[in-house]
Amino acid sequence: MVTSTSTSTGRNRGRGRAAALRGARTAAALALLASGALVLGAGGPQESSTATGTPRQVPLAAQQERAGQSEQSGQADCDLYRSVPASSEDGPAVKAIKAKRSLVVGIDLNSYRWGSRNPNTGQVEGFDIDLARAIGTAIMGDPEKVVLKAVPTADRIKFIQEGRVDIIVRTMSITCERLEQVSFSRPYFTTSQRVLVPRSSPAKTMDEALNGATACAASGSSAEEELKTRPVKQLITVQNHLDCLVLMQLGKIDATMTDDGLAASQAAQDQTVRVLDGEVRPGVMGIAMLKNSTDLTARVNQVLNDYYNGGSWRRAYDTWLKPYLLDDADRHWPTPR
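Reference entry: report on the structure contained in this document. Remember, predicted model here, so these are calculated numbers, not experimental data.

Reading the values: rules and limits
- Residues numbered from 1 in each chain as written.
- Predicted model: local features only at pLDDT ≥ 70, side-chain atom pairs only at ≥ 80, totals over all residues.
- Heavy atoms only, no water.
- Disulfide = S-S within 2.5 Å.
- Helix = DSSP H or I, 4+ residues; strand = E, 2+ residues; numbered from the N terminus.
- Buried < 20%, exposed > 50% of the residue type's maximum accessible area, 1.4 Å probe, protein only.
- Salt bridge = Lys/Arg side-chain N within 4 Å of Asp/Glu carboxyl O.
- Contact = heavy atoms within 4.5 Å.
- Phe/Tyr/Trp six-rings, centres within 6.5 Å; stacked < 30°, edge-to-face > 60°.
- Lys NZ or Arg CZ within 6 Å of the ring centre and 35° of its normal.

Let's talk about the state of the cysteines
Moving on, step 1. By the definition in use, this model includes 2 disulfides.
Moving on, step 2. A sulfur-sulfur distance of 2.0 Å marks the disulfide that ties C78 to C176. Handedness here is read from the sign of the S-S torsion; for C78 and C176, about -85°, the answer is left-handed. Of this pair, C78 sits in the loop between helix 2 (60-71) and helix 3 (92-99) while C176 sits in helix 6 (residues 176-179), and the two are 98 residues apart along the sequence.
Moving on, step 3. The disulfide that involves C216 links it to C244, with 2.0 Å between the sulfurs. Here the S-S torsion is close to -75°, and the disulfide linking C216 with C244 is therefore left-handed. Within this pair, whereas C216 is found in strand 12 (residues 214-218), its partner C244 is found in helix 9 (residues 242-249), the two being separated by 28 residues in sequence.
Moving on, step 4. Residue C216 is classed as buried on the basis of its relative accessible area of 0%.
Moving on, step 5. Each bonded cysteine of the protein chain gets a number by its place in the sequence, and the pairs then read 1-2, 3-4.

Concerning the pattern of salt bridges
Moving on, step 1. The full count for this structure, using the stated rule, is 14 salt bridges.
Moving on, step 2. Here D108 and R170 are joined by a salt bridge, their closest N and O atoms 3.1 Å apart. Of the two residues, D108 sits in the loop between strand 4 (103-107) and strand 5 (110-111) while R170 sits in the loop between strand 9 (167-168) and helix 6, which places them 62 residues apart along the sequence.
Moving on, step 3. Three or more residues joined by partner-sharing salt bridges are found here, namely D207, E226, R230 and R281.

Comments concerning the side chain of N301
Moving on, step 1. Within the fold, N301 resides in helix 11 (residues 294-309).
Moving on, step 2. With residues up to four places along the chain from it excluded, the contact list for N301 reads S83, V84, A86, S185 and R186.

Side note on the packing of aromatic side chains
Moving on, step 1. On inspection of all chains with the given rule, the structure shows 11 aromatic pairs.
Moving on, step 2. Ring geometry for W114 versus F189: centroids 5.1 Å apart, planes at 80°, classification edge-to-face. Linking W114 in the loop between strand 5 and strand 6 (115-117) with F189 in strand 11 (residues 189-198), this pair joins segments that are 75 residues apart in sequence.
Moving on, step 3. Relative accessible area serves as the criterion here: at 0%, F189 is assigned to the buried category.
Moving on, step 4. Members of the aromatic cluster, each reached through a chain of ring pairs, are W114, F127, F189, Y308, W313, Y317 and W333.
Moving on, step 5. Directly above the aromatic system of Y112 lies the positively charged group of R113, at a separation of 5.5 Å from the ring centroid.
Moving on, step 6. When the ring centre of F159 is taken as reference, the NZ or CZ atom of R164 above it lies at 3.9 Å.

Written out as structure tokens, the structure reads:
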């Protein structure tokens with residue numbers, strides 16, 4: 001059975017954060033955090049590593065050229081809130097998943113409070129993990145048929161298109177460009193881009209932190225697209241956003257840009273960094289799947305509606321995110337337009 005572990009408190013929380021931080025630093029020193037595949041079922045957890053790339057440095061001229069091309073793409077008017085109507089019916093895509101007797105959900109194992117392994121229990125836990133398990137169990141009718149598979153930030157769309165996962169529940173922002181490549185559920189979380197800096201940094205604003213800085217973002221992320229428009233000295237991209245935290249700990253970068261929820265989780269994990277005031281690129285997160293899997297998208301939308309209306313979404317928010325985001329849950333639940 002797939003189980004969820006409640007958040008640690010007191011001494012266990014302190015030990016968990018320290019252990020998680022030591023683990024991240026060790027992984028970075030060896031290989032900048034390799035990704036793994038995690039199966040949670042009757043046979044217990046199994047993890048296998050996959051190769052990941054090294055940080056990629058993008059010259060400023062190339063960043064600005066790509067940003068200009070992106071702005072001219074003509075996709076700025078897409079509706080990020082639009083998805084297929086919710087339905088509890090099983091169509092061809094859902095029936096095919098049930099026939100193979102497992103729903104493979106792409107997740108993150110590197111995001112504290114969203115998706116990571118508890119060093120005290122060995123369990124994978126977080127806001128997105130609770131949601132992934134709820135969706136998988138609702139569709140399959142059996143938590144033992146839910147497979148959680150770690151997916152690097154940069155490979156989320158590729159994993160869907162290659163059939164390596166059925167859905168992605170991994171802090172994935174809905175964008176016009178991504179809507180051309182995959183299908184998205186209705187939004188389940190509002191977000192924006194924030195900047196983290198070392199506590200020793202004199203920067204007080206986002207502009208001060210980024211101008212002439214060596215900045216880091218996850219490859220293929222909304223943060224990377226935003227940094228391409230900024231006058232940074234150097235843009236470094238990594239497979240997973242937590243690699244940016246490691247590079248900051250090592251003194252290799254000046255600033256990191258990531259989603260506000262992920263920024264808060266990094267600041268909670270490592271109190272030597274802080275989140276600056278100011279945000280850009282307001283957006284929404286959704287669950288991604290194959291573009292032609294209309295019935296699967298409808299099924300996921302029904303589960304999301306039930307998950308929110310039944311109170312599970314708010315309970316997950318209060319457990320995992322409220323202590324660090326410090327604002328009302330309703331601000332982060334997207335109301336359909």
